[in-house]
Amino acid sequence: MVHRITLIPGDGTGPELIEAARRVLETTGVQFDWDVQEAGADVMDKYGTPLPEGVLASIRENGVGLKGPITTPVGTGFRSVNVAIRKALDLYVNLRPARHMPGVRSRYEDIDLVVVRENTECLYAGIEHDVIPGEAAESIRIITRKASQRVVRFAFEYARAHGRRKVTAVHKANILKATDGLFLGVAREVALDYPDIAFEDRIVDNMCMQLVQRPQEYDVLVMPNLYGDIVSDLCSGLVGGLGVAPGANIGDGLAVFEPVHGSAPKYAGQNKVNPTATILSGVLMLRYLGETEAADKVQDAVAAVIAEGRDVTYDMKPTRDDPTAVGTQEMADAIIKAM
Ligand code: NAD
């Protein structure tokens, strides 16, 4: 069977990372028909928009996409293409596993967390305006029963399907009584349908402290969009940083896989950054496609290369200027060889 996949190289370091991931994925023997779609800052001049028409249509048609990061200008300029894709296709779950792999330099070892982030609303609804320009601005935070229900249900279904023991809902319902109060209330309701999975809730600030002090006590975490963005980066930091953190955006019948990290523009075109997060996003994609054997093969090869610690990028070496660090493509070559 040939899998037709929308391939979005993105911008910044995106194209080189996607190239590395594509080569690794093709080595599994799984057949891909890549439908390459340009998006991001680099195509603004060509198309007049960072998200040309064909991109969403292609994902809708193919059902699955693999995406490199895309830059979002800070403060001014176009809104996030990444958020636009998630919202337009109603990819309502952002799944971000954070598992420690032997060989990765990090403060903790036995960590296996999964962040399930709501992906369509909260402050990312993008409803904001100046009240008095330069003096006061307002942003509206949207939380709905429907979006809360489906993301919490996904977290429990994921927990059940993957033999997980506990789901923790993360919120700030003590202060944001209407919005986070609704999210927490819905989470408690949904939890009643899953008596086989433990359920608890944590206030987000306490959650951050607990994750730093006792991350081993947590399992699947589910939360609204903004907390999910921040807490998932925190969890990436616990297991070795953004270079190794994969992600998936999942809706009903549609999914786009991409690393947690951004476009790291200062390293663009230097063949320097770590391809692991993008390759492991490809592993999540293989599992979604039912290609379990190929997924295991890539994951084991990545783990072997990291555990050996020789053919790895700068961020995985003891010091950042380690002269033995290899480039993005060379690390991918080592993974291909290990397969
Ligand atoms: P970033 O994730 O791009 O980079 C932050 C730092 O993390 C980098 O300077 C680097 O030190 C490290 N890093 C990131 N990826 C790495 C890798 N593969 N290997 C090694 N080290 C890595 O975050 P940022 O600088 O805040 O954002 C840059 C741009 O990316 C912004 O425009 C932002 O909006 C965008 N962004 C896009 C996405 C996405 O496409 N989904 C996600 C987050 C940020």
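Scroll up a little and you will see the structure.
Residues numbered from 1 in each chain as written. Predicted model: local features only at pLDDT ≥ 70, side-chain atom pairs only at ≥ 80, totals over all residues. Heavy atoms only, no water.

(A) Helix 3 (residues 53–62), seen in detail. Looking at helix 3, one finds that the buried residues are Val 55, Leu 56, Ser 58, Ile 59 and Asn 62. Along the axis of helix 3, the buried residues cluster in a sector spanning 160°; they form a single face. Among the exposed residues of helix 3, those pointing more than 90 degrees away from its buried face are Glu 53 and Glu 61. At its buried positions, helix 3 is contacted by strand 1 (2–8), strand 2 (31–36), strand 3 (64–67), helix 4 (81–88) and strand 12 (255–259). Positioned one or two residues after helix 3, Gly 63 has a phi angle of 85°, which is positive. (Buried < 20%, exposed > 50% of the residue type's maximum accessible area, 1.4 Å probe, protein only. Helix = DSSP H or I, 4+ residues; strand = E, 2+ residues; numbered from the N terminus. Arc of directions from axis to C-beta. Contact = heavy atoms within 4.5 Å.)

(B) Expanded view of the nonpolar core. Counting residues in each nonpolar core, the largest one holds 63 residues, and the members touching the most others are Leu 95, Val 116, Val 222 and Met 285. For Leu 95, the contacting residues outside a window of four places in its chain are Val 114, Val 115, Val 116, Phe 154, Tyr 158, Pro 246, Gly 247, Ala 248 and Ile 250. By size, the runner-up hydrophobic cluster in this structure holds 17 residues, among which are Val 204, Met 207, Tyr 218 and Val 231. (Core = buried A, V, L, I, M, F, W, Y, C linked by side-chain atoms within 4.5 Å.)

(C) Region of interest: the packing of helix 1 (residues 14–27) against helix 11 (residues 328–338). Packing of helix 1 against helix 11 brings their axes to within 9 Å, and their N-to-C directions diverge by 10°. By the criterion of interaxial angle, the relationship of helix 1 to helix 11 is roughly parallel. In this structure, helix 1 uses Glu 16, Leu 17, Glu 19, Ala 20, Arg 23, Val 24 and Thr 27 to contact helix 11, whose residues at the interface are Thr 328, Gln 329, Ala 332, Asp 333, Ile 335 and Ile 336. Residue classes in the contact of helix 1 with helix 11 are distributed as six nonpolar, three polar and four charged. (Axes fitted to C-alpha atoms, helices over the stretch in contact; angles between N-to-C directions. Parallel < 35°, antiparallel > 145°, perpendicular 65-115°, else oblique. Nonpolar A, V, L, I, M, F, W, Y, C, P; charged D, E, K, R; others polar.)

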